[in-house]
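Chains, contacts and geometry: an overview
Now for the letters of each chain:
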Amino acid sequence: MKERAFSISPDIIPEKDVWFAMGYRDSVPEPRIRDMVNEVKDLLVPKAVLKYMYGEFEAEKISPREMLVAGKRFRPEGIICSYLQGMTHALVFVATAGREYDAAVKEMNAQGDIVQDFIADAIGTVLAEYAVSAIEEDYEGKYGISLPYSPGYCDWDIREQQILFSLFPVNPCGIVLSDSSLMSPEKSVSGFYALGETLVKQPYHCEICRNPGCYKRRTA
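Just so we're clear, the structure is a prediction, and the values are computed from it rather than from any experiment.

Within helix α4 (residues 99-109) the residues assigned to the buried category are Y101, A104, V105 and M108. Buried residues of α4 fall within an arc of 100° about the axis and therefore sit on the same side. Opposite its buried face, α4 presents the exposed residues K106 and E107, each directed more than 90 degrees away.

Judged by nonpolar contacts, the single largest core of 43 residues is most densely connected at Y101 and L127. Secondary-structure elements contributing two or more residues to this core are α1 (15-22), α2 (31-44), β2 (50-61), β5 (89-96), α4, α5 (114-138) and β9 (188-196). Of all the elements, α5 adds the most residues to this core, at eleven residues.

This part covers the environment of S133. Along the polypeptide, S133 turns up in helix α5. Here the alpha-carbon distance between S133 and Q162, two residues 29 residues apart in the chain, equals 23 Å.

In this section: unusual backbone geometry. In this structure, P185 follows S184 across a cis peptide bond, with omega equal to 0°. Along the chain, P185 falls in the loop between β8 (183-184) and β9. In this structure, A70 is a non-glycine residue whose phi angle is positive, near 55°. On the basis of relative accessible area, A70 is assigned to the partly exposed category, the value being 37%. Residues other than glycine seldom take positive phi values, yet C173 does so here, at roughly 55°.

All right, on to α1 then. Within α1, burial applies to V18, W19, A21 and M22. Viewed end-on, α1 has its buried residues packed into an arc of 165°, placing them on one side of the element. Within two residues after α1, G23 carries a phi angle of roughly 110°, on the positive side.

Closest axis-to-axis distance for the α2/α4 pair is 10 Å, and the angle between their directions is 130°. What the angle tells us is that α2 and α4 run oblique. Once α2 is placed against α4, the crossing between them reads as right-handed. On α4, the residues that touch V40, L43 and L44 of α2 are Y101, A104, V105 and M108. Grouping the constituent residues of the contact of α2 with α4 by class yields seven nonpolar, no polar and no charged.

To continue, consider the pattern of salt bridges. Scanning the model with the defined rule gives ten salt bridges in all. The salt bridge involving E30 is made with R32; its shortest N-O contact spans 3.8 Å. In this structure, K187 and D121 form a salt bridge, with 3.0 Å as the shortest nitrogen-oxygen distance. Of the two residues, K187 sits in the loop between β8 and β9 while D121 sits in helix α5, which places them 66 residues apart along the sequence. You can call K187 buried: its relative accessible area is 13%.

Reading the values: rules and limits
- Residues numbered from 1 in each chain as written.
- Predicted model: local features only at pLDDT ≥ 70, side-chain atom pairs only at ≥ 80, totals over all residues.
- Heavy atoms only, no water.
- Buried < 20%, exposed > 50% of the residue type's maximum accessible area, 1.4 Å probe, protein only.
- Helix = DSSP H or I, 4+ residues; strand = E, 2+ residues; numbered from the N terminus.
- Arc of directions from axis to C-beta.
- Core = buried A, V, L, I, M, F, W, Y, C linked by side-chain atoms within 4.5 Å.
- Axes fitted to C-alpha atoms, helices over the stretch in contact; angles between N-to-C directions.
- Parallel < 35°, antiparallel > 145°, perpendicular 65-115°, else oblique.
- Left-handed = near helix turned anticlockwise from the far one by under 90°.
- Contact = heavy atoms within 4.5 Å.
- Nonpolar A, V, L, I, M, F, W, Y, C, P; charged D, E, K, R; others polar.
- Salt bridge = Lys/Arg side-chain N within 4 Å of Asp/Glu carboxyl O.

Structure representation (structure tokens):
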């Protein structure tokens, strides 16, 4: 297992990524909201300590809906499995914006500003995704690597996080998984990258997704 904790500058997080997580997609918020995004980003991002942990395991797709990772059976369903042609290994990961970020948000929220709270939630989402993308940059293996896939998306039952977490030490990166498969800190992500010498990275096909709760489909 490889583990890392690190901090980043607010300038590394593009404001457009925060807007997207807020639901603006390709539109631009009004100037007052843009200013608030930058103010909250400058306040909170320096206080965050991002963390990730990952390990490489043998893996294979065993049916159009199932895969084996380290001998454990997962059922990520058809959308994700359609991307796994050529997979021989998997890079299983957890990543988080960290408890320090939660504490900073709680302190800010004592002011009772619900718009700031909404912006902070979006920034936390972007930070967690940044930590996931840092894993791909850190990976130095010999295989081709896919985009990341996570339980809870593309019809993959979120309860399979229980199996995924069994591959890690207890509370990896300080992340606690509840019996209902919710993670704490809230801004945490688990999942895997498919690996393989012949594996070809494919884009997400969000247009065929049936999950109305996915934030990438949310509109402001």
